[in-house]
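Read off the chains here:
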Amino acid sequence: MDKVIIFDTTLRDGEQAAGTSLNLQEKLEIAGQLDKLGVDVIEAGFPASSAGDFEAVRLVAHELKRPTICALSLANIEGIDRAWEAVKEAGHPRIHVFLSASDIHLAHQLKKSRDEVLKMSRETVARARSYLDDIEFSPMDASRADPAYLYQILEVVIEAGATTVNVPDTVGYATPQEFGSLIRGILDNVPNIGKAVVSVHCHDDLGLAVANSLEAIKAGARQVECTINGIGERAGNASMEEIVMALRTRRDFFKLSTNIDTTQIYRTSRLVSELTGFPVQPNKAVVGANAFRHQSGIHQDGVLKKSMTYEIMDPRSVGIPSSSLVLSKVSGRHAFKERLSELGYTLNEEDFDRAFQDFKRLADKKRDITDRDIESMIAEELRTVTEVYHLDHVEVSCGNHNIPTATVRLIGPEGQVLADAALGAGPVDAVYKAINRIVGIPNRLTEFTVKSITEGIDAIGEVLIRIESEDVTYTGRGAATDIIVASAKAYMNALNRLLAVREGK
Ligand code: KIV
Ligand code: ZN
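Predicted model, so just to flag it, every value in this text is computed and none were measured. (Residues numbered from 1 in each chain as written. Chains lettered and ligands numbered in written order. Predicted model: local features only at pLDDT ≥ 70, side-chain atom pairs only at ≥ 80, totals over all residues. Heavy atoms only, no water.)

Within the structure, ligand 1 sits among Arg12, Asp13, His96, Phe98, Ser138, Met140, Asn166, Pro168, Thr170, His201 and His203. Arg12 is positioned with one of its side-chain polar atoms (N or O) 3.0 Å from an oxygen atom of ligand 1. One of the side-chain nitrogen or oxygen atoms of Thr170 is found 2.6 Å away from an oxygen atom of ligand 1. Burial of ligand 1 by the protein chains amounts to 95% of its free accessible area of 260 Å². Of all the secondary-structure elements, those providing two or more residues to the shell around ligand 1 are β4 (92-100), β5 (135-140) and β6 (164-169). Partitioning the shell around ligand 1 into residue classes produces three nonpolar, six polar and two charged. (Near = heavy atom within 4 Å. Polar contact = N/O pair within 3.5 Å; in protein donor to acceptor, adjacent residues only side chain to side chain. Areas by Shrake-Rupley, 256 points an atom, 1.4 Å probe, with all protein chains shown as cover. Helix = DSSP H or I, 4+ residues; strand = E, 2+ residues; numbered from the N terminus. Nonpolar A, V, L, I, M, F, W, Y, C, P; charged D, E, K, R; others polar.)

Structure below.
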């Protein structure tokens, strides 16, 4: 096989990242974008873990018919039945069964013998196979398991019907050379390995997830599990954009390809960052803000003469717009539409009209409108939370001799106008207290970040917050040229998410 299957687990392992809380709409939006990106498999969730995960998998399976939609399950019969219920409407459903394989997990977590684990693996894979033909099995913590035992488990699950066997470096412990040897060992020692695709799933605890994945591919693995922007449990998973671009840029070395439309990478990265609330570090390979910026004079000189002198990838190949054209208030609908399409947005007529009005409003306050301004504005426009309360008006008075005071007016669920005022330690605190007096839902603010989207005094300020209520974290984002307004929007965004979850939307 000269293709590597790209298995995206942003919606499952990625969503396990501490502080993430995606609602159903957001999961569906990410799944739709992953479809556009061309991933082969979307792991949409872990149905037995919560009602929300079940519903997310069911919805993604219902909506997307091209990619394989995968549901994760622990190796127990109820979990597998639940996974099947969730995924059965997919065009191409898959169930992914996992069970620990290392002695350390068997002794301290499962408290089961190797024989018991073998039996559970065999029985649960057979159960899954009674529902469908596409079954993946993962021996968790494989990189710390006894290789001889690992070979035995893989042989048993393939015999029971597994069609993909995934080798997880669950705790990000392996080094590239070791991990490559492990894959070669599996290919050489599991007698029926030819009946299954060998997959890898690497975590980034030592910053080696991508290196380990690539080494495994070199050794013969033909499916790689990864996430957009590398988000995931603890230090995260192998980053999809880095693996895909490494395979593409160094095709001379790997001699392999993928089905990914790389021009959708940047857009997907922005969407995932926007919806999860995890910013992408500026120096992040492929999608970071500095990934294609040249600072040193020598480098700039080289790039101007021939880009390949210091650029191994064309930014356009990952979907970073080529033009640095700046829009302003004199720009018309046509120029705005062109720009949106270059940035990867296709809006329906109604959304476009609204976006264009927002653009004009912004252009009245800000002279030059850059790509980042547009992205932030569209994200704001498309923010998919059902609004229970709408922020109608916010006003603050503050200063070095004033006690910060905020007046807030919200439109309530039945259209009622609700106004209140509060004092605070600072203007944002006063706004949040005034909103709390109206909405009345106890919560704790655990994170507040404000950053400017572009340079300049008239830049848009983007506020990201996280609030905690009954042990669940909700993310909120807001953007405006006034950071107090952006803060109020972010808080309302988080509160509306919380309310939507409580009301089961
Ligand atoms: O890291 C891991 O081992 C996993 C498995 C469920 C594949 O996420
Ligand atoms: Zn994992």
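We now examine the sheet that holds strand β10 (residues 405-411). The strand order β9-β10-β11 describes an open sheet built from three strands, whose pairing is antiparallel. Every interior strand has two partners, whereas the edge strands, β9 (390-397) and β11 (417-423), have only one. Taking each pair of neighbouring strands and ignoring which way they run, the sheet shows an average axis angle of 15°. Two elements, β9 and β10, share seven bridges in a ladder whose sense is antiparallel. What sits directly across from Leu391, in β10, is Leu410. Across the sheet, helix α16 (residues 427-439) lies against β9, β10 and β11, angled at about 135° from β11, the strand it touches most. The strands touched by helix α17 (residues 483-502) within the sheet are β9 and β10, with β9 carrying the most contacts at an inclination of about 140°. (Pairing = 2+ DSSP bridges. Axes fitted to C-alpha atoms, helices over the stretch in contact; angles between N-to-C directions. Contact = heavy atoms within 4.5 Å.)

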